Amino acid sequence: MKASDAVALVLAQNKVLYGYELIGGMITHLVDSINQLGKTKLVSVHHEQGAAFAASAVSRATHHEVLGVALGTSGPGATNLITGIADCWLDSHPCLFLTGQVNTYELKGERNIRQQGFQELDSVALVSSITKYAYQVRHVDELLPCLQKAIDLAREGRPGPVLLDIPMDIQRTDIDDAAVSAFLLPCAQQIAAPLQAADLETISNALACARNPLILLGGGAVNTPNFAHWLNQLETSGIPYVASLKGAEKIPASANYLGMLGAYGTRAANHAVQNCDFLLVLGSRLDVRQTGAKPEDFARKAKVFQIDLMEGQLNNRVKAHASYVMELNTFFADFPLCEVQENAAWNAWAADLRADFDQSFVDEYTDWSVSPFVICSTLGALTKGHGVDFVADVGNNQMWAAHTLRLSPGQSMHHSGGLGTMGFAIPAAIGACNAGNKPVIVITGDGGAQLNIQELDIIARDQLPVLIIVLNNHSLGMVRGFQEMYFEGRNSSTYWNGYTSQFKAIGEAYGISSTVVSTHEEFAAQVGMFIESPRPALIELMMPDARECRPRLEFGRSIDQQLPEKTRTAR
């Protein structure tokens, strides 16, 4: 059996069911073998960065159950994958990357030269700091064991990307069929270690004693298999909760869910954090966008209990009252909230926060011709009860969506979080649509849409039910807002002065039904048409006076001091 054929078999056995590539000479054997077997759906895109984002979206859309693979040829193909690899690394999503390489006899080895073979490049060295495992195969006997190791490591512990660099001559070498068959025997399932009962009892007692408890759900929590069941228990308990940007991706709207916290979070979520007396942080690293630039004032009244899989994430920016290295899926199984003794004070605290949310979660853009709050609320209302995923790009459009768009059960929203990568949304929508098997709505800006706009061709070619919403404010609005705050309005490089691409025309050129709208009513009508009949579609929404997020946090202020300042009604 040819080695590349064996690779295709291993991918299929490990539920690597979706792959994305831009063909190049050094991956032709791999691409041909995967397509010939037909178990992994392989999609040809127009840029390896798009392939990387699409592959990462497979695990995002399936709660890490299914793995995606992105392939790039040696040299420029491998370097183009790097941004997507870094995105997976920082957001802790498992993904497999396979790069082709020149023949082993063409490698420069220890020679003091820059390159021996054409397009030869040391991909492993380039990505070693942003992968859980990166290895260049030097002998065919290493290939399948290293591939299996890579796949296992991508999923184990804190998930993340892995890369295997496979020289061309190894791809086409024969492997004994019996050896391949023996290797494909089912692997033993790992069993998570039990948690310490004393630690769980300490957390339970602290929660029971708290009068104003709050749970903060991070990205490390919401993709675990046991999370959905535990979230139901949390809702039943009546304990209020908030989420990080990545945590908010998988949490549906409810009375006790106060939304995303932080610099662009809801006023109610930030108020809750600053006034709780017990804060349980689950799988969140508490970065500066969550805490603001004054971490010493974060959760100022609370005993903070933090649980994370990585010890280095604990007591990093925020010093916790108690912190634990725990695997959260096991925590959710071993810490049933229904067994925690309820405190009579919880009801009043939760009621106060619900009232605060109702008062403060309002449209703060009434002076603009088009309100992001109305747009995102319209999306939430029109898709309520429908199985739809959202993919946001990076910029103001992302924060408008993360702040305002309330998900329904069965919906998710996908973000480039830690890396904050413009150009993420359109290719990620392809992977999310393939793996999630549901319509996808992209929310992007006129800046971010440009970076991987070529992948519109794939959406049209495969007739994917993807709606691309381009919020066009003729600028890179978030950075332009910084310039207006800190550089006396000098908007070099961010404001197009009324000139920008005609996205309707671009969409039509790719064969996508496209339209331009400029009112809330026109927008709602077009979204309604997509919900009624999902198909490739593009809406260019003109928002010439939109340039900031409200509320937002300026540097040096605590998270409950967002601007513009609002008077809170005393209760």
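So, how was this worked out
- Residues numbered from 1 in each chain as written.
- Predicted model: local features only at pLDDT ≥ 70, side-chain atom pairs only at ≥ 80, totals over all residues.
- Heavy atoms only, no water.
- Helix = DSSP H or I, 4+ residues; strand = E, 2+ residues; numbered from the N terminus.
- Expected span 1.5 Å × (residues − 1).
- Buried < 20%, exposed > 50% of the residue type's maximum accessible area, 1.4 Å probe, protein only.
- Domains from an automatic or database assignment.
- Contact = heavy atoms within 4.5 Å.
- Buried area = accessible area lost by both parts, 1.4 Å probe.
- Polar contact = N/O pair within 3.5 Å; in protein donor to acceptor, adjacent residues only side chain to side chain.
- Nonpolar A, V, L, I, M, F, W, Y, C, P; charged D, E, K, R; others polar.
- Pairing = 2+ DSSP bridges.
- Axes fitted to C-alpha atoms, helices over the stretch in contact; angles between N-to-C directions.
- 1 Å grid on protein atoms, 1.4 Å probe; cavity = no way out; pocket = protein on both sides within 12 Å on 5 of 7 lines; lining within 4 Å.
- Points joined across faces, edges and corners; volume = space filled by probe spheres on them.

Caption draft 1: Seen up close, helix α6 (residues 140-155). Between the first and last C-alpha of α6 there are 24 Å, a value that for 16 residues agrees with the 22 Å anticipated at 1.5 Å per step. Of the residues making up α6, those classed as buried are V140, L143, L144, C146, L147, Q148, A150, I151 and A154. Two residues or fewer past α6, G157 is found with a positive phi of approximately 55°.

Caption draft 2: Expanded view of the domain arrangement of the chain. As far as domains go, the chain holds domain 1 (3-184), domain 2 (197-360) and domain 3 (372-542). One C-alpha centre belongs to domain 2, the other to domain 3; they are set 30 Å apart. Counting residues at the interface gives 19 residues for domain 2, matched by 17 residues for domain 3. Of the roughly 1400 Å² buried at the junction of domain 2 and domain 3 (both faces included), carbon and sulfur atoms supply 60%. If you sort the residues of domain 2 by the area they bury against domain 3, L245, E249 and Y264 come out on top, with a joint share of 39%. Linking domain 2 with domain 3 are six residue pairs in polar contact (both at pLDDT 80 or more). Across the side of domain 2 that touches domain 3, the residue classes break down as 10 nonpolar, four polar and five charged.

Caption draft 3: Quick look at the sheet that holds strand β10 (residues 278-282). One open sheet accounts for six strands, arranged β9-β8-β7-β10-β11-β12; its pairing is parallel. Of all strands in the sheet, those with a lone pairing partner are β9 (257-260) and β12 (322-325), marking the two edges. In this sheet, adjacent strand axes meet at a mean angle of 15° when their direction is disregarded. Judged from the five bridges that link them, strand β7 (residues 213-217) and β10 form a sheet pairing that is parallel. Across the sheet, residue L217 finds its bridge partner in β10, namely L282.

Caption draft 4: Inspection of empty space enclosed by the protein at higher detail. What the rule picks out here adds up to three cavities of 30 Å³ or more. Its boundaries defined by the atoms lining it, the largest cavity holds a volume of some 110 Å³. If you trace the largest cavity, you find 15 residues lining it, with A248, Y257, A402, L405 and R406 closest to the centre. Among the secondary structure elements, those contributing two or more residues to the lining of the largest cavity are β9 and α17 (396-404). A per-element tally of the lining of the largest cavity places β9 first, with three residues. Taken together, the residues of the lining of the largest cavity sort by class into 10 nonpolar, four polar and one charged. Residue contributions to the lining of the largest cavity reach at least three from each of two domains, namely domain 2 (197-360) and domain 3 (372-542).

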